[in-house]
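Residue-level structural notes
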Amino acid sequence: MRKTLTIDPAEIDRQLALCDQIHALLDQRPGQKLAFVDTYGCQQNEADSERLRGYLARMGYAFTDTEEGADLVLLNTCAIREHAEQRVFGNVGALSHTKRRHPQQILCVCGCMAQQDHVAQRLRQSFPYVDLVFGPQVLWQFPQLLLEKVTSGKRVFATEDVPGTVAEGIPVVRQNNLKAWVSIMYGCNNFCTYCIVPYVRGRERSRQPEEILAEVRQLAAAGYKDITLLGQNVNSYGKDLGLGVDFAWLLEQVNAIAGDFLIRFMTSHPKDAGERLFDAMAACEKVAPVLHLPFQSGSSRVLKAMNRGYTREGYLTLVDQLRQRIPDIVLTSDVIVGFPGETQEEFEETMRLIETVQYDALFTFIFSPRHGTPAEKLPDPMPKEQKSANFQRLLQRQNEISRARHQRYIGKTYRCLVDGQGGDGRLTARTAGGRLVHLEADTELVGTWQQVKMTGASNWALFGTLV
Ligand code: SF4
């Protein structure tokens, strides 16, 4: 069994000392130093950005929400689809202007995109004003890399394919004091043929249970009310630890922690999901009655070509087992339309699957070839127009299904967490199942649990009144 590399705490202490060194250097220049951290992509990237902010705060930076006037700009990038990459290159291009106005500004690009050779090359050759480029594997060394840039004045690139690590003790600056991300593991071993994640985030490695439980205890004591356990595939938690623990066990331990909070988790892989997990979800009162279980395609042949490790029938059996235990579970998923080689009949199988399952919400994507993945090289005869037509049809049908599922809430009362205020001034809240609720109420209720009676519904949201 492959041993997970955990960074020596003394190494993290050294990185923190380098933060203090950078702080002293920055103090030589007058004024409060400002950092702008821009995060693309998934919740894992959000959690990584919270650690990067932790380091930056230790260096003496305050935070701004615009690149204009920032002393340091950090783009934490995503490589999951072509569109995400084009957006980043567009924004890096636009930053040449702010850099021209603020030559002292330090521009950093990190995250999954930066971990790819062809991207690092392009940043090196075509964007000479980018100062620091590093991948997710070496995030823990950010202070060292930044100090090298600041003291040498030279550009720094740290994108070698190094083994994945687990680093504990990095300070965290969270986005709010209500909802928290807690990473339980990093990387992925599944190698779905369309996915770049295993190539940029490395092999699966779990955090030690006591580190996770300590973090959750701290959050619960600090009054956090919504805690999401994060991993590319949380269901394989613990496999690399050799402690005989698994994700269901971890859920039970987190559930035993005192406090009035909900536990959520993502992302689950169907091949590692099953009755043990569903029993734990049903038995743990703090576990939110919601599951995000990506199915990706309704065709077993396409699932095989995707290397997903389950069949259409196997997936539908999982859904039945889950609903037997938690009848009102909120079920969401991901689907890819137009995987190379998908026939029209195989797409119809996808349409029939969403008809059978009736998801509360579905994240729909058209296949986007990723450089270096097996699917990039597969023959792809279906015309783009047909894929778009299929995509639109699926979207339209799913919107009808979501609307119908939301109608079932009307007239009922749910315990909701009031979590903010929308652009229209109304408050926003979330049911335990994660459904978005709009309600008219006083802003002082933000951060509290409230009983809300649902009075209306749309595809994506519910409307309610305080009880
Ligand atoms: S499970 Fe598959 S889709 Fe998800 S991160 Fe891993 S390789 Fe990618």
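Further up the page is the structure itself.
Residues numbered from 1 in each chain as written. Predicted model: local features only at pLDDT ≥ 70, side-chain atom pairs only at ≥ 80, totals over all residues. Heavy atoms only, no water.

1. Here we look at helix α11 (residues 312-325)
Quick reminder: α-helices carry 3.6 residues per turn. Residues three or four places apart thus point the same way. Stated precisely, the cut-off is as follows: Helix numbers and strand numbers start at the N terminus; a helix is a DSSP run of H or I with at least 4 residues, a strand a run of E with at least 2. Take the number of residues in a helix, subtract one, and multiply by 1.5 Å to get its expected span. Only protein chains enter the accessibility calculation, which uses a 1.4 Å probe; a residue whose area is less than 20% of its type maximum is buried, one above 50% is exposed, and one in between is partly exposed.
For α11, spanning 14 residues, the distance from its first C-alpha to its last is 21 Å, which sits close to the expected 20 Å at 1.5 Å a residue. Listing the buried residues of α11 in full gives Arg312, Tyr315, Leu316, Leu318, Val319, Gln321 and Leu322.

2. Structural notes on the site of the ligand
What counts here: Nearness is judged by heavy atoms alone; a residue qualifies as near a molecule or strand once a single heavy atom is within 4 Å of it. For this classification, the nonpolar set comprises Ala, Val, Leu, Ile, Met, Phe, Trp, Tyr, Cys and Pro, the charged set comprises Asp, Glu, Lys and Arg, and every other residue, Gly included, is treated as polar.
Around the ligand sit Cys188, Asn190, Phe191, Cys192, Tyr194, Cys195, Val197, Pro198, Gln232, His269 and Arg308, and those are all the residues in its vicinity. Here the residues of the shell around the ligand are counted per class, giving seven nonpolar, three polar and one charged.

3. With respect to unusual backbone geometry
Across the chain, the bulk of peptide bonds are trans and the bulk of non-glycine residues have phi less than zero. Along the chain, Met266 connects to Thr267 via a cis peptide bond; the corresponding omega equals 5 degrees. The topology assignment puts Thr267 in the loop between β13 (262-266) and α9 (275-283). Despite not being glycine, Phe191 shows a phi value in the positive range, around 50 degrees. On the secondary structure map, Phe191 appears in the loop between β10 (185-186) and α6 (197-201). By relative accessible area, Phe191 is classed as partly exposed at 29%.

4. Topic: the sheet that holds strand β9 (residues 179-183)
Either a parallel or an antiparallel arrangement is found when strands of a sheet pair, and the pairing is made through backbone hydrogen bonds. The line we're drawing: Here a strand pair is declared whenever DSSP counts at least two bridges between the two strands. Lines fitted to C-alpha atoms define the axes, with helix axes restricted to the stretch in contact, and inter-axis angles between N-to-C directions lie between 0 and 180 degrees. When checking whether two residues touch, look at their non-hydrogen atoms; a contact exists if any pair is within 4.5 Å.
On the basis of which strands lie adjacent, the open sheet formed by three strands has the order β9-β12-β13 and parallel pairing. Each having just a single partner strand, β9 and β13 make up the two edges of the open sheet. Pairs of neighbouring strands in the sheet enclose a mean axial angle of 25 degrees, with direction left out of account. Summarising the sheet, β9 and strand β12 (residues 226-230) pair through five bridges and their orientation is parallel. Opposite Ser183, over in β12, you have Leu230 as the bridge partner. Running at roughly 170 degrees to β9, helix α7 (residues 209-221) makes contact with β9 and β12 of the sheet. Strands in contact with helix α8 (residues 247-255) are β12 and β13; relative to β13, the strand with the most contacts, it is inclined by about 155 degrees.

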